[in-house]
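Structural characterization, general
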Amino acid sequence: MSKTLTFRKMKTEDIDQVLNVEKQSFTLPWSREAFFNELNHNQYAVYMVIEDEGEIAGYCGAWIVIDESHITNIAILPEYRGQKLGEALLRKMIEISIAMGVVRMTLEVRVSNAVAISLYEKLGFQKGGIRKNYYTDNQEDAYVMWVNFS
């Protein structure tokens with residue numbers, strides 16, 4: 001990892017690199033069309049990338065509706081994991097969300113994803129419920145987690 005990590009808004013031109021992150025991170029990656037639609041047609045979508053000398057090391061997306069932010073995805077390339085980039089990226093999304101008037105944020109996470117759950121709890125998220133059979137690849141349940149910023 002270089003010392004030139006930068007955060008910026010995701011652009012349509014980033015989709016190929018984001019798809020690479022997506023494919024290395026999830027069993028059911030989002031499609032090119034899904035990202036294109038998020039970036040170009042969803043008025044509620046906010047997507048950020050973290051870049052290392054021109055390479056996208058990770059990304060985070062959210063839907064911001066009125067005063068709530070819903071994290072859609074967050075992912076870091078395997079070779080960048082364990083360096084607190086996911087935390088930095090989520091903190092950046094929280095900062096942007098609060099600046100846009102958000103007072104609470106939510107997300108879903110696999111019940112088996114202890115690393116992610118630990119990060120979310122570190123940032124103040126609490127488990128608020130379970131979505132049964134949420135993940136279509138293996139019918140795993142998801143925790144619904146919330147944090148209030150007030």
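Below: a short report on this structure. Predicted, not measured: the structure shown is a model, and the values here were computed from it. (Residues numbered from 1 in each chain as written. Predicted model: local features only at pLDDT ≥ 70, side-chain atom pairs only at ≥ 80, totals over all residues. Heavy atoms only, no water.)

**Let's talk about the sheet that holds strand β6 (residues 126-131)**
Filter applied, for reference: At least two DSSP bridges between two strands are needed for those strands to be called paired. Starting at the N terminus, helices and strands are each numbered in turn, a helix being any DSSP run of H or I of at least four residues and a strand any DSSP run of E of at least two. For helices, the fitted line uses only the C-alpha atoms of the stretch in contact; every axis is such a line through C-alpha atoms, and the angle between N-to-C directions lies from 0 to 180 degrees. By definition, residues are in contact when any of their heavy atoms lie within 4.5 Å.
Strand order in the open sheet made by the seven strands is β1-β2-β3-β4-β5-β7-β6, with mixed pairing throughout. If you trace the sheet from one side to the other, it starts and ends with β1 (5-9) and β6, each paired once. Taken over all neighbouring pairs, the strand axes of this sheet differ in orientation by 25° on average, direction set aside. Relative to strand β7 (residues 142-148), β6 runs antiparallel, the two being bridged by five bridges. Bridging from a neighbouring strand, Ile-130 pairs with Tyr-143 of β7. Running over the sheet, helix α1 (residues 15-25) touches β2 (45-52), β3 (55-65) and β4 (68-76) and is turned about 90° from β3.

**What about a nonpolar patch on the surface?**
Cut-off, in case you're wondering: Here, patches come from residues exposed beyond 30% relative accessible area and free of salt bridges, joined within 9 Å for like charges and within 5 Å for nonpolar side chains (Val, Leu, Ile, Met, Phe, Trp, Tyr). Each accessible area is a Shrake-Rupley result for a 1.4 Å probe, and residues are judged covered by the shown protein chains and nothing else. Take a side-chain nitrogen of Lys or Arg and a carboxyl oxygen of Asp or Glu: if they are within 4 Å of each other, that pair is a salt bridge. In this scheme, a residue with accessible area under 20% of its type's maximum is buried, one over 50% is exposed, and one in between is partly exposed, where area comes from a 1.4 Å probe on protein chains only.
A surface patch of nonpolar side chains, about 410 Å² in accessible area, is lined by Tyr-44, Trp-63, Val-65 and Ile-66. Position of Tyr-44 relative to the elements: it lies in the loop between α2 (32-41) and β2. Relative accessible area serves as the criterion here: at 37%, Tyr-44 is assigned to the partly exposed category.

**Concerning the environment of Asn-138**
Filter applied, for reference: Definition of a polar contact: a pair of N or O atoms within 3.5 Å, with one able to donate and the other able to accept a hydrogen when the atoms are protein atoms, and with sequence-neighbouring residues admitted only if both atoms are side-chain atoms.
Mapped onto the elements, Asn-138 comes out in the loop between β6 and β7. Counting along the chain gives 44 residues from Asn-138 to Ile-94, while the straight-line C-alpha distance between them is 30 Å. Among the polar contacts listed, one links the side chain of Asn-138 to the backbone nitrogen of Glu-140, at a separation of 3.0 Å.

**Quick look at the pairing of strand β5 (residues 104-110)**
Walk down a regular strand and you will see the side chains alternate between the two sheet faces. The line we're drawing: Place the viewer so that the strands point away; then a crossover is right-handed whenever the path from the first strand over the helix to the second strand goes clockwise.
Across the seven residues that make up β5, a large majority, five, are buried. As defined by bridge partners, β4 adjoins β5 across three bridges and the pair is classed as parallel. Paired with Glu-68 across the bridge in β5 is Arg-104. In this region the chain leaves β4, passes through helix α3 (residues 85-99) and returns to the parallel neighbour β5; the handedness of that crossover is right-handed. As paired elements, β5 and β7 share seven bridges and run antiparallel to each other. From the neighbouring strand, Thr-106 faces β7, where its bridge partner is Trp-146.

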